[in-house]
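# What the coordinates show
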Amino acid sequence: MDVIPHSRPTLGGKEAKAVSAVIRSARIAQGEKVKALEEAFSSFLRVSQAACTSSGTSALYLVLAAMGVGPGHEVIIPSYVCAALLHAVRLAGAAAVPADIDPNTYNLDPEDVRRKISKKTRAIIAVHLFGMTADMDALLSLGIPIIEDCAQAVGGTRDGRLAGTMGRAAVFSFYATKVMTTAEGGMVVSDSRALVEKIKDLREYDKKKDCTPRFNYKMTDVHAAIGLVQLRRLEGFIAKRRIIAGFYRRAFDGTRLGLPPNDPGHIYFRYVLGLNRDAGPVIRALREKGIECARPIYRPIHDCMGLKGYPESQTAWRRSLSIPIYPTLRRADIDRIIAAVRSLPGARRKD
Ligand SMILES: *Cc1c(COP(=O)(O)O)cnc(C)c1O
């Protein structure tokens, strides 16, 4: 029996050719391809500035550092998110303050964010989780600078506005299994030239007049060459994901499974079902049938920090089931996944 992986990058001859051309040029570190990817990405988003980085995590850290976030400051982040956010905030020297989520979208609950704001709050990191853009209008109305984390929402929109164009700055990740990839890599975009200049300064250590701490968080031209091809394919990738999400929606509508928000701007980085029970045994049962599923968030932030009082994040963590969704999924795989999920005890039709 074939095993259907939970996630998989979509790569082909064009990526291979682009990488091979860079290798043959012998200019493999940060150079022309990185610059070309920054230009292509900023024109895709219609923002004025972009900086490639080594990862989404280093992008987050660099934005915080360039914004002057540090010791004595607080940064509000969702509790239901990967640990990269907690690390970036702590590396910057600030305190992470988790806020609970809206169970319908899995994104920050603006009301809980409001309760978490203090005199020390310097930024909110708004994550557009699973491909659904957060309620930016409600978050922006709180009056705190917002960093958009678009690691899972490249090309996503909300009310026609592109994710990554609404906050002070936005970060992206091009890790292997994200919607578009460079193997490892990240990006910062902003309309603030000063902010992105500062990020580019911190990103590299060589040839500087002063010796204050800087990093090596650069992307390479080998990786950027893959990214340039993937960016051209992005629209097609998203269209494919939406088609698969449509099959899933039609198959699971009317069952007891909680479905993702049905929003035209959703890009379905993940297809996450809300169960009425713990997802652990369900994940094991599906694996026996050769279908790899996962808890989409490994461990919520409040749990890492030993905090209580995050009921929605806790329930989302316990009961969320992420099923395979990516452009190379075949029709036969989709049918197998649908049949297996529909046969779960919690998936009976509503009476
Ligand atoms: C993947 C991801 C990151 C981290 O990106 P890396 O490139 O893996 O460092 C940050 N935030 C979110 C929401 C992510 O999904």
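This text follows the structure it describes.
Described below are features of the structure shown in this document. What you see is a predicted model, and the numbers here were worked out from it, not measured in a lab. (Residues numbered from 1 in each chain as written. Predicted model: local features only at pLDDT ≥ 70, side-chain atom pairs only at ≥ 80, totals over all residues. Heavy atoms only, no water.)

### A look at the pairing of strand S1 (residues 49-53)
So the rule is basically this: Three labels apply to residues, based on accessible area from a 1.4 Å probe with only protein chains included: buried if under 20% of the type maximum, exposed if over 50%, partly exposed otherwise in between. In this description a helix means any DSSP run of H or I spanning at least four residues, a strand means any run of E spanning at least two, and both kinds are numbered starting from the N terminus. A pair of strands is considered paired only if DSSP assigns at least 2 bridges between the two.
Of all 5 residues that make up S1, 5 are buried, and the element is covered over most of its length. Covered by surrounding structure in S1 are Gln49, Ala51 and Thr53 together with Ala50 and Cys52, the residues of both alternating faces. Relative to strand S9 (residues 186-190), S1 runs antiparallel, the two sharing 5 bridges. Its bridge partner being in S9, Ala51 is matched across the sheet by Val188.

### So, the sheet that holds strand S4 (residues 121-127)
Backbone-to-backbone hydrogen bonds pair the strands of a sheet. The strands run either parallel or antiparallel. Stated formally: For helices, the axis comes from a line fit to the C-alpha atoms of the stretch in contact; other axes are also lines fit to C-alpha atoms, and the angle between any two N-to-C directions lies between 0 and 180 degrees. We call two residues contacting when some pair of their heavy atoms lies within 4.5 Å.
The 7 strands lie next to each other as S1-S9-S8-S5-S4-S2-S3, forming an open sheet whose pairing is mixed. The strands lining the two open edges of the sheet, one partner per strand, are S1 and strand S3 (95-99). Each neighbouring strand pair of the sheet contributes to a mean axis angle of 20°, computed without reference to strand direction. Of the strands in this sheet, S1, strand S8 (169-173) and S9 are in contact with helix H7 (residues 193-203), which crosses S1 at around 20°.

### Digging into the packing of helix H1 (residues 13-25) against helix H8 (residues 221-252)
For the record, the criterion: Just so you know how the angles are binned, under 35 degrees is roughly parallel, over 145 roughly antiparallel, 65 to 115 roughly perpendicular, and the rest oblique. By convention, the crossing between two helices is left-handed when the near helix turns anticlockwise from the far helix through less than a right angle, and right-handed when the turn is clockwise. By the convention adopted, Pro, Cys, Tyr, Trp, Phe, Met, Ile, Leu, Val and Ala count as nonpolar, Lys, Arg, Asp and Glu as charged, and the other residues, Gly among them, as polar.
For the pair H1 and H8, the least separation of the axes is 8 Å and the interaxial angle reads 150°. Between H1 and H8, the crossing angle belongs to the class labelled roughly antiparallel. In the packing of H1 onto H8, the handedness of the crossing is right-handed. Contacts between H1 and H8 involve Lys14, Glu15, Ala18, Val19 and Val22 from the first element and Asp221, Val222, Ala225, Ile226, Val229, Gln230 and Arg233 from the second. Looking at the contact of H1 with H8 residue by residue, the class counts come to 7 nonpolar, 1 polar and 4 charged.

### Describing the site of the ligand
Counted only if it meets this: Nearness of a residue to a molecule or strand requires only that one of the residue's heavy atoms be within 4 Å of it. Definition of a polar contact: a pair of N or O atoms within 3.5 Å, with one able to donate and the other able to accept a hydrogen when the atoms are protein atoms, and with sequence-neighbouring residues admitted only if both atoms are side-chain atoms. Method for areas: the Shrake-Rupley scheme with a 1.4 Å probe, in which residue coverage is limited to the protein chains shown. Any residue with an atom within 4 Å of a point lines the site, the site being either a cavity, points on a 1 Å grid over the protein atoms alone where a 1.4 Å probe fits but cannot get out, or a pocket, an open set with protein on both sides within 12 Å along at least 5 of 7 lines. Whether a molecule lies in a cavity or pocket depends on its atoms, and more than half of them have to be within 2 Å of the grid points.
Around the ligand, the structure places 13 residues, and the nearest of them are Gly56, Thr57, Asp149, Ser173 and Lys178. Side-chain polar atom of Thr57 to an oxygen atom of the ligand: 2.5 Å apart, as the coordinates give it. Here an oxygen atom of the ligand sits 2.9 Å away from a polar atom, N or O, in the side chain of Lys178. When the free accessible area of the ligand is taken as 380 Å², the share hidden by the protein chains comes to 89%. Comparing atom positions with the cavity grids shows the ligand to sit within the largest pocket. When contributions to the shell around the ligand are tallied by element, the ones reaching two or more residues are helix H3 (56-66) and helix H4 (84-91). Residue composition of the shell around the ligand, grouped by class: 5 nonpolar, 6 polar and 2 charged.

No statement about biological role is implied by the geometric values presented.
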